[in-house]
Amino acid sequence: MKVTVRTVDVHLAVPFAISRAVRTEKRVVLVELDDGARVAYGEASPDPFFGETTESVEADVRAALDLLPEDPRDVGSLRARLAARFPHGGAAACALDILAHDRAAQAAGQPLRAFLGLAPAEAPATSFTIGIAEPAVMAERAAAAKAAGFTVLKVKLGHGDDVAALEAIRRVFDGTIRVDPNAAWTPAEAPARIERIARFGLEFIEQPVAPHDVDGLRHVREHSAVPIVADEAAVRLADVDVLAGACDGINVKLQKCGGIAEARAMIERAHELGLKVMLGCRAAETSVAIAAAAHLAPAVEWADLDGNLLIVDDPFVAVPVAGGRFVFSDRPGLGVMPR
């Protein structure tokens, strides 16, 4: 059995032909396990918000390779091992968890969604992210996304004129809009801000206030006509109960919670508590990490899985998107193929 851990540079850019788009380099950590019969993949996308660097995550992955089970089909024991080593979840745990699930599903000869018991359920359409820019540029990108078949947009807000941005976008896009202020608002100002933009027919507001301020989040929800979804406040399973009553849904990210196993537990508990769930991603993920979440997406109400669509040099193909919808193959596991 050969395991390879490597760092890969990818470049984040708007994938439509817009002259003002700027490329930004990001780094992800890829893990490949070749046991002679199959090659399985895992991916870690570090996030400085959670104190992660490429170097720290790569070191953590290498130090934890011994946690992988010898039996390819044994993913049940891995979650407990990862929780003991990485009690706060995170990208390193996610990479190993995805790898183990890819390996197990391949050993079973099933696509991951079938291995998880989710085939042939339909996954929700993924949103496409419109970053903060001048309103005219945001509208240009929204129009391009619509032309590419996307029916759902996630619009970043919190800086500049929110009303002007949404007015510009609504002139060219009549589909579903979700907004994400990235915790830029205070609990005191958020209700008034939401009231000013509610007329644009928003599906929900994502993480309007600081992640640690659950009482502030609850205050915003109680004074908002638009549903509220928690993102950075919902990291692990224990957070779901804390957030019940403070929001209408949570954003579960594999890189944040530590992988597929923890994400499934969070989804199940959220639904028990009457919360809706979105599967999200980080700004730069390759098709390895996005495929893992896409295979799990039939279990949730919303998807925001465009991380691989925002990079211009994805080294893999797995679950492509056509018209905003995931196109699954019958390849076992994640279905990953190197380009």
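Now for a look at the structure at hand. (Residues numbered from 1 in each chain as written. Predicted model: local features only at pLDDT ≥ 70, side-chain atom pairs only at ≥ 80, totals over all residues. Heavy atoms only, no water.)

1. Concerning the side chain of serine 329
Argument step 1. Within the secondary structure, serine 329 is located in the loop between β14 (325-326) and β15 (337-338).
Argument step 2. Residue serine 329 is classed as buried on the basis of its relative accessible area, which comes to 19%.
Argument step 3. A polar contact is formed between the side chain of serine 329 and the backbone nitrogen of arginine 331, at a distance of 3.2 Å.
Argument step 4. For serine 329, the contacting residues outside a window of four places in its chain are Pro111 and Arg113. (Helix = DSSP H or I, 4+ residues; strand = E, 2+ residues; numbered from the N terminus. Buried < 20%, exposed > 50% of the residue type's maximum accessible area, 1.4 Å probe, protein only. Polar contact = N/O pair within 3.5 Å; in protein donor to acceptor, adjacent residues only side chain to side chain. Contact = heavy atoms within 4.5 Å.)

2. Considerations on the sheet that holds strand β8 (residues 228-230)
Argument step 1. Spatial strand order, β4-β5-β6-β7-β8-β9-β10-β11: 8 strands in an open sheet with parallel pairing. Each edge of the open sheet carries a strand with a single partner, namely β4 (128-130) and β11 (302-303).
Argument step 2. Here 5 bridges tie strand β9 (residues 249-253) to strand β10 (residues 276-280), and the two strands are oriented parallel to one another. When the sheet's bridge partners are listed, isoleucine 250 is paired in β10 with valine 277.
Argument step 3. Where helix α6 (residues 162-170) meets the sheet, its contacts fall on β4, β5 (152-156), β6 (176-180) and β7 (202-206), and the angle it forms with β6 comes to roughly 160 degrees. (Pairing = 2+ DSSP bridges. Axes fitted to C-alpha atoms, helices over the stretch in contact; angles between N-to-C directions.)

3. Structural notes on unusual backbone geometry
Argument step 1. The amide bond that connects alanine 119 to the next residue, proline 120, takes the cis arrangement and shows omega of 0 degrees.
Argument step 2. Within the chain, alanine 183 stands out as a residue other than glycine whose phi angle is a positive 65 degrees.
Argument step 3. A positive phi is found at glutamine 207, a non-glycine position, where the angle reads about 40 degrees.
Argument step 4. Following the sequence through the fold, glutamine 207 ends up in the loop between β7 and α8 (214-222).
Argument step 5. Overall, glutamine 207 belongs to the buried group, its relative accessible area being 1%.

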